[in-house]
Amino acid sequence: MTRRTILREVTCEGVALHAGCRVRAALLPATAGQGIVFRRSDLGGTQIPARYDRVRETRLGTVISEGPASVGVIEHVMAAIFGAGIDDLIVSLDGPEPPILDGDALCWLELLDQAGVAEQTGTRLALRLLRPVEVVRGDASAALVPSDLFILDFEIHFDSPVVGTQHLVWQFSPGTFRHDIAPARTFGFTHELEALRAAGLARGASLANTLAIGDSCLVNPGKVRFPDEFVRHKILDAMGDLALAGAAFIARFEGRRSGHALNNALVRAVFAEAENYEMVELS
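Residues numbered from 1 in each chain as written. Predicted model: local features only at pLDDT ≥ 70, side-chain atom pairs only at ≥ 80, totals over all residues. Heavy atoms only, no water.

Digging into the pairing of strand β2 (residues 10-15)
Then comes step 1: Pairing geometry for β2 and strand β3 (residues 22-29), over six bridges, is antiparallel. Among the inter-strand pairings, V15 is bridged to a residue of β3, identified as R22.
Then comes step 2: Hairpin connection between β2 and β3: a loop of six residues separates the two successive antiparallel strands, and G20 in this loop has a positive phi of roughly 80°. (Pairing = 2+ DSSP bridges. Helix = DSSP H or I, 4+ residues; strand = E, 2+ residues; numbered from the N terminus.)

Some remarks on empty space enclosed by the protein
The probe, sized like a water molecule, is rolled over the atoms to show the empty space still left.
Then comes step 1: Under the defined criterion, the tally for this structure stands at one cavity of 30 Å³ or more.
Then comes step 2: Roughly 40 Å³ of volume is contained in the largest cavity.
Then comes step 3: In terms of lining, the largest cavity is formed by V73, H76, V77, P98, P99, I100 and W108.
Then comes step 4: Across the lining of the largest cavity, the residue classes break down as six nonpolar, one polar and no charged. (1 Å grid on protein atoms, 1.4 Å probe; cavity = no way out; pocket = protein on both sides within 12 Å on 5 of 7 lines; lining within 4 Å. Points joined across faces, edges and corners; volume = space filled by probe spheres on them. Nonpolar A, V, L, I, M, F, W, Y, C, P; charged D, E, K, R; others polar.)

What about the sheet that holds strand β12 (residues 133-137)?
Then comes step 1: In space, the five strands of this open sheet follow the order β12-β13-β19-β14-β15, with mixed pairing throughout. The open sheet terminates on both sides in strands that have one partner only, identified here as β12 and β15 (164-171). This sheet shows a mean twist of 5° between the axes of neighbouring strands, independent of strand direction.
Then comes step 2: For strand β13 (residues 140-145) and strand β19 (residues 252-256), the ladder comprises five bridges, and the chain directions are antiparallel. From the neighbouring strand, V145 faces β19, where its bridge partner is R252.
Then comes step 3: Along the sheet face, helix α6 (residues 260-272) touches β12, β13 and β19 and points at about 145° away from the line of β12. (Axes fitted to C-alpha atoms, helices over the stretch in contact; angles between N-to-C directions. Contact = heavy atoms within 4.5 Å.)

Listed below in structure tokens is the structure:
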């Protein structure tokens, strides 16, 4: 299977989830072997490879950096790129984050649809787990274990009657990603909003792009797409974080209350020992 990029440039514009400013994003074709790269067009074109070892911050979003330049909340875009099977791509931004758009990955997947797919030279690679790798922090854990397929097994628990405990075991394919995971929106708790905005976060969050969880009910229930949307979005986030490995996966991911920090720690742990994995060609 050959590497893939997009046929033509496509653009969109919207508000950044945390910064709250308007951001214009352009997805551009990239040369074979370049991988996924974020470009800060407002900072002289500084480019940041979308790699696990460039992750600088993981509070309420995955942030990658190159020197003083950074791009935050990349997980939704990365999940869409991963789900679409794109290997080489430039994501150009004139601000600190991609626009949040609809709070999901489907909007980015549809933008990639508009761009079309171009086959390139070089072979697509997948990371195959050879032995289990796990990271644990308190009551949260994330693991990758050997499997013949890419499966995500995720369980979340929040002390909220709206969320409670949700558990989903899901097998990846481009089609199931589009229908089962990509439409799941991000979510947040209304009682945390004031403190987040005081800290310079969630300034672009709204009832249009975020499922707002109140004390006893969902504030915007008309935006719900799945009865278990919260765990589906956590799977979406995990896919975006795992995509920073720079390859497809042949493994089973098992997350228990895992977030961006633990997801990134897991990828780092996999690459820390060569005996954990092998890179294989996708046929």
